[in-house]
Amino acid sequence: MLLLLPKQPKQISQLVFIFGVGLIGLPIARFLQQMGFIVEQLDLCWDDYELQAHQLEGLQQRVKEVIQDSRIDQLSIIWSAGRAGFDSSEEQTDRELISFLAVLDMVEVLTESYSDMSVDFHMLSSVGGLFEGQRQIDSTSSPKPLRPYGLLKMRQEDALFARGSIEKKFVYRLTSVFGIGPLGTRHGLVSTLLRNTSDRQVTHIVGRMSSLRDFIWNADVARYIALRLRYLQSNAETIQTLASGKPSSIQEVIRIVESATGKRGYLRFVSELTNELDITVSPSLSPEGWFPTGLKTAILTLTATD
Amino acid sequence: MEKHKRPTNHSQIMLSTVTPVFAGKDYLRKLVELFEEQAHRWEKSGIPLLLTECIFVDDGSSDGSAQLLAELANQYHFVTVVTLSRNFGQHPATVAGILHSCGDWVITIDEDLQHDPRFILVMLEQAVRSELDIVYAKPLEDVHESRIRDWGSKWFKSMLAILTGNPFVKDFNSFRVIRGSIARAAASVSSHATYLDASLCWFSQRIGVEEVSLKDSRYIELEQSAYSFRKLMSHARRMVITLQSNWLRLGTLTGIGAFLVSLVVGTGVLIQKLVAPNSIEVRGWVSLFIAILFFGGLTTSLLGVLIEYISMIVLHLQGKPNFFVVDRSNDRTLLAFFLQKGQTDVVTTSETT
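Residues numbered from 1 in each chain as written. Chains lettered and ligands numbered in written order. Predicted model: local features only at pLDDT ≥ 70, side-chain atom pairs only at ≥ 80, totals over all residues.

Draft legend 1. Fine view of the overall build of chain B. When helices and strands are counted, chain B shows 13 helices and seven strands. Across the 353 residues of chain B, 39% fall into the buried class. Sequence-distant contacts, at least 24 apart, represent 82% of the contacts inside chain B between residues at least 6 apart. (Helix = DSSP H or I, 4+ residues; strand = E, 2+ residues; numbered from the N terminus. Buried ≥ 20, exposed ≤ 12 C-beta atoms within 10 Å, placed from the backbone. Contact = placed C-beta atoms within 7 Å.)

The following block contains the structure:
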């Protein structure tokens with residue numbers, strides 16, 4: 001996890017915690033660095049709860065030190081962590097929920113300890129997990145998780161909104177995110193396909209050629225959240241859906257990737273009934289200030305910068 | 001104005017309509033009202049169809065259509081507007097719209113009320129009853145009530161059908177009902193020079209027609225069309241480029257024929273020269289003719305092979321697939337309804353008269 005401190009405390013009076021430095025957490029940290037933060041890496045164990053509790057206490061201590069040294073009036077927490085994915089079992093998702101609740105507890109303690117400080121919590125959730133198999137998802141659609149991962153996201157959202165002491169709560173429901181992230185983390189179908197096609201490797205696709213998804217670029221998500229975190233916060237509890245609003249079939253993605261790389265993709269389709277379900281989002285859900293880059297432009301940019 | 005509420009039954013067959021808009025300000029509101037009317041009628045009649053989205057692609061319109069579309073999008077939950085950065089033409093706009101769709105079936109329909117949304121149901125019925133992937137509307141009578149325009153169009157399509165060996169060309173029409181997965185697949189491989197209907201043929205040969213009444217009232221009443229002669233020629237050019245040009249093979253075959261004739265005649269003349277040299281009265285003329293036939297035939301046939309290679313490369317670049325997997329299983333829902341209900345003319349006849 002990362003702690004972001006103001007480079008010039010006279011200009012910025014905000015502290016940011018990022019739990020989960022993966023496909024989205026890392027680019028958010030980079031954007032915040034560009035906005036005048038310095039990054040401090042802290043350890044947080046996800047498997048050993050005793051050690052985790054100890055580390056979270058250390059984290060509170062670190063906040064205390066920073067607050068003593070400089071004027072901090074805002075604490076922002078970003079939850080972009082998560083090892084669990086679509087295939088995760090109930091046991092795996094339960095473990096992740098325990099970690100999430102522990103972080104919420106820590107944030108509540110900080111909120112009570114520093115009542116003058118404004119606290120905002122930004123949680124990344126999943127459209128795919130919550131609305132799997134639904135098309136044209138809009139404001140009238142209801143979450144209906146079909147697997148433990150979706151249930152986890154629903155429980156996390158409920159747990160966050162149940163914490164009355166946390167003043168501002170923001171949930172970002174994301175569609176299928178792709179982009180460049182740190183090694184060892186999930187990169188999403190598009191990036192995997194792009195890398196494998198470039199390297200002439202076989203890509204295993206769980207789904208059908210005609211399966212529809214809504215793809216968004218991690219750079220867009222990171223920019224949006226970083227800007228919102230710094231400048232555009234409302235007092236209300238909000239749930240926002242970050243989607244492109246344009247459904248794309250797997251076949252369309254393959255075609256763009258092949259065209260961008262100039263190579264044929266080697267593909268193997270793995271049939272899994274539930275993963276073949278379409279998930280698309282109505283453009284009417286796009287929040288103000290959210291400008292997703294087109295899939296083709298993003299893929300061409302990734303190809304050029306690879 | 002209060003937004004119309006979206007029905008929440010997701011078990012129904014979802015429909016997306018795609019309408020390219022260039023100069024349709026005078027027709028769009030009426031078109032949207034007709035869509036809404038149909039959606040209500042289906043709901044009322046228990047037809048398992050859900051009008052999920054009506055996608056209007058603003059193709060660089062300059063008649064105020066963009067403002068009207070923005071109003072309609074605010075008013076109707078099912079209206080989605082896709083705005084293109086400039087005028088790209090009807091087919092690219094349709095492709096853009098299809099790529100924004102998510103319906104089980106995609107209906108492409110013109111902006112000017114030439115295509116009546118009330119025919120969507122009969123076209124869909126034809127599709128599911130006959131296990132088709134694409135159904136084109138076929139005009140019952142002359143669309144433009146202009147002999148030159150209507151006969152010119154028919155003649156041109158018939159010519160292309162013969163030249164390309166593609167019998168579906170003569171049925172191509174911008175009022176189509178297309179299986180969603182096929183529509184999106186064809187749209188995703190379409191480039192700037194691709195003719196959408198030709199790329200649809202790459203993905204399915206299960207194509208049918210439904211005879212309906214079509215009238216281009218804009219052309220008939222105002223003698224105005226959104227498509228200039230130049231644009232129509234551009235359409236024709238794209239169709240020729242995209243369709244497999246079987247007639248090019250005619251050149252190859254002619255070349256091979258000439259080459260073989262030169263060999264046969266040349267051998268005959270050689271034998272004649274060896275056996276009865278005195279029987280040749282005019283010397284050199286036949287040899288010259290055979291040489292021209294030999295090299296002309298050889299060059300033409302090699303050129304034909306070269307063109308065949310180029311044609312293959314062009315088709316590959318245009319995205320002609322090796323195969324495509326399709327799932328028609330959800331047709332059962334609609335088919336069951338149609339079988340139970342009998343012919344849908346009970347729903348449509350009274351409306352269309």
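Draft legend 2. Geometry of the overall build of chain A. Helix and strand counts for chain A come out as nine helices and 13 strands. In summary, chain A has a C-alpha radius of gyration of 20 Å against a globular reference of 19 Å for 306 residues, a match within 12%. Referenced to the eigenvectors of the C-alpha coordinate spread, the extents of chain A come out at roughly 60 × 40 × 40 Å. The burial tally for chain A puts 46% of its 306 residues in the buried class. (Rg over C-alpha atoms; globule rule 2.2 N^0.38 Å.)

Draft legend 3. Inspection of the interface of chain A and chain B at higher detail. Counting residues at the interface gives 18 residues for chain A, matched by 19 residues for chain B. Looking at the side of chain A that touches chain B, the element that brings in the most residues is helix α8 (residues 250-261) of chain A, giving three residues. Grouping the constituent residues of the side of chain A that touches chain B by class yields four nonpolar, seven polar and seven charged. (Nonpolar A, V, L, I, M, F, W, Y, C, P; charged D, E, K, R; others polar.)

Draft legend 4. A look at helix α6 (residues 189-198) of chain A. Residues A:Leu189, A:Val190, A:Ser191, A:Leu193, A:Leu194 and A:Thr197 constitute the buried set of α6(A). Just past α6(A), the residue A:Arg200 takes up positive phi, approximately 55°.

Draft legend 5. Molecular detail of the sheet that holds strand β5 (residues 134-139) of chain B. Residues and elements named next belong to chain B. Judged by pairing direction, the sheet is mixed, and its seven strands sit side by side in the order β3-β2-β1-β4-β6-β5-β7 without closing on themselves. Each edge of the open sheet carries a strand with a single partner, namely β3 (79-83) and β7 (207-212). On average, adjacent strands in this sheet sit at an angle of 20° to one another, irrespective of strand direction. When strand β4 (residues 105-108) meets strand β6 (residues 176-179), the two strands line up antiparallel, connected through four bridges. (Pairing = 2+ DSSP bridges. Axes fitted to C-alpha atoms, helices over the stretch in contact; angles between N-to-C directions.)

Draft legend 6. Region of the structure containing the environment of B:Phe119. Residue and element names in this part refer to chain B. Note that Phe119 resides in the loop between β4 and α4 (120-129). Exposure remark for Phe119: the 24 C-beta atoms within 10 Å place this residue in the buried category. Between the C-alpha atom of Phe119 and that of Phe175, which follows or precedes it by 56 residues, the distance is 9.8 Å.

Draft legend 7. A look at the domain arrangement of chain B. When its domains are assigned, chain B resolves into domain 1 (13-244 + 322-352) and domain 2 (247-317). Here the C-alpha centre of domain 2 of chain B lies 48 Å away from the C-alpha centre of domain 1 of chain B. (Domains from an automatic or database assignment.)

Draft legend 8. Seen up close, the sheet that holds strand β6 (residues 168-174) of chain A. Residues and elements named next belong to chain A. An order of β3-β1-β2-β4-β5-β6-β11 is seen for the seven strands of this open sheet, with the pairing classed as mixed. Looking at which strands have only one partner, the edges of the open sheet turn out to be β3 (37-41) and β11 (238-242). Each strand axis lies, on average, 20° off the axis of its neighbour in the sheet, ignoring direction. Relative to strand β5 (residues 118-126), strand β4 (residues 74-79) runs parallel, the two sharing six bridges. By the bridge assignment for β5, Ile77 is matched with Phe121.

Draft legend 9. The packing of helix α2 (residues 49-69) of chain A against helix α3 (residues 90-113) of chain A, seen in detail. All names here are of chain A. Viewed as axis vectors pointing N to C, α2 and α3 meet at an angle of 25°, and their least axial separation amounts to 11 Å. Taken together, the axes of α2 and α3 are roughly parallel relative to one another. When you trace α2 past α3, the crossing you get is right-handed. Residues Tyr49, Gln52, Ala53, Leu56, Leu59, Gln60 and Val63 of α2 touch α3, and the partners they reach there are Ile98, Ser99, Ala102, Met106, Val109 and Leu110. Of the residues that constitute the contact of α2 with α3, the class distribution is ten nonpolar, three polar and no charged. (Parallel < 35°, antiparallel > 145°, perpendicular 65-115°, else oblique. Left-handed = near helix turned anticlockwise from the far one by under 90°.)

Draft legend 10. Seen up close, unusual backbone geometry. Even without glycine at this site, A:Arg200 takes up a positive phi of about 55°. Looking at the secondary structure, you find A:Arg200 in the loop between α6 and β8 (202-206). Here B:Leu113, not a glycine, exhibits a phi torsion of approximately 65°, which is positive. Mapped onto the elements of the fold, B:Leu113 is located in the loop between β4 and α4.

Draft legend 11. View of α3(A). All names here are of chain A. Between the first and last C-alpha of α3 there are 35 Å, a value that for 24 residues agrees with the 34 Å anticipated at 1.5 Å per step. Among all positions in α3, only Thr93, Glu96, Ser99, Phe100, Val103, Leu104, Val107 and Leu110 are buried. Buried residues along α3 sit in contact with β2 (14-19), α2, β4, β5 and α5 (148-162). (Expected span 1.5 Å × (residues − 1).)

Draft legend 12. Fine view of the packing of α4(B) against helix α12 (residues 331-341) of chain B. Residues and elements named next belong to chain B. Between α4 and α12, the least distance of the axes is 9 Å, while the angle of their chain directions is 110°. As judged from the angle between their axes, α4 and α12 are roughly perpendicular. Residues Leu124, Glu125, Val128 and Arg129 of α4 lie in contact with α12, whose contacting residues are Asp331, Leu334, Leu335 and Phe338. Here the residues of the contact of α4 with α12 sort into five nonpolar, no polar and three charged.

Draft legend 13. Quick look at the environment of A:Asp105. All names here are of chain A. Take Asp105: it is sitting in helix α3. By the C-beta count within 10 Å, which is 13 here, Asp105 ends up partly exposed. Spatially, the C-alpha atoms of Asp105 and Leu56 are 9.7 Å apart, while their sequence positions differ by 49 residues.

Draft legend 14. Structural detail: the confidence of the model for chain B. All names here are of chain B. Across chain B, the average pLDDT comes to 85, with 88% of residues at or above 70. Confidence, read as mean pLDDT per element, is least for helix α13 (residues 345-352) in chain B (41) and greatest for β4 (97). Overall fold confidence (pTM) sits at 0.81, and the ipTM for the predicted complex is 0.77. (pLDDT = per-residue confidence, 0-100.)

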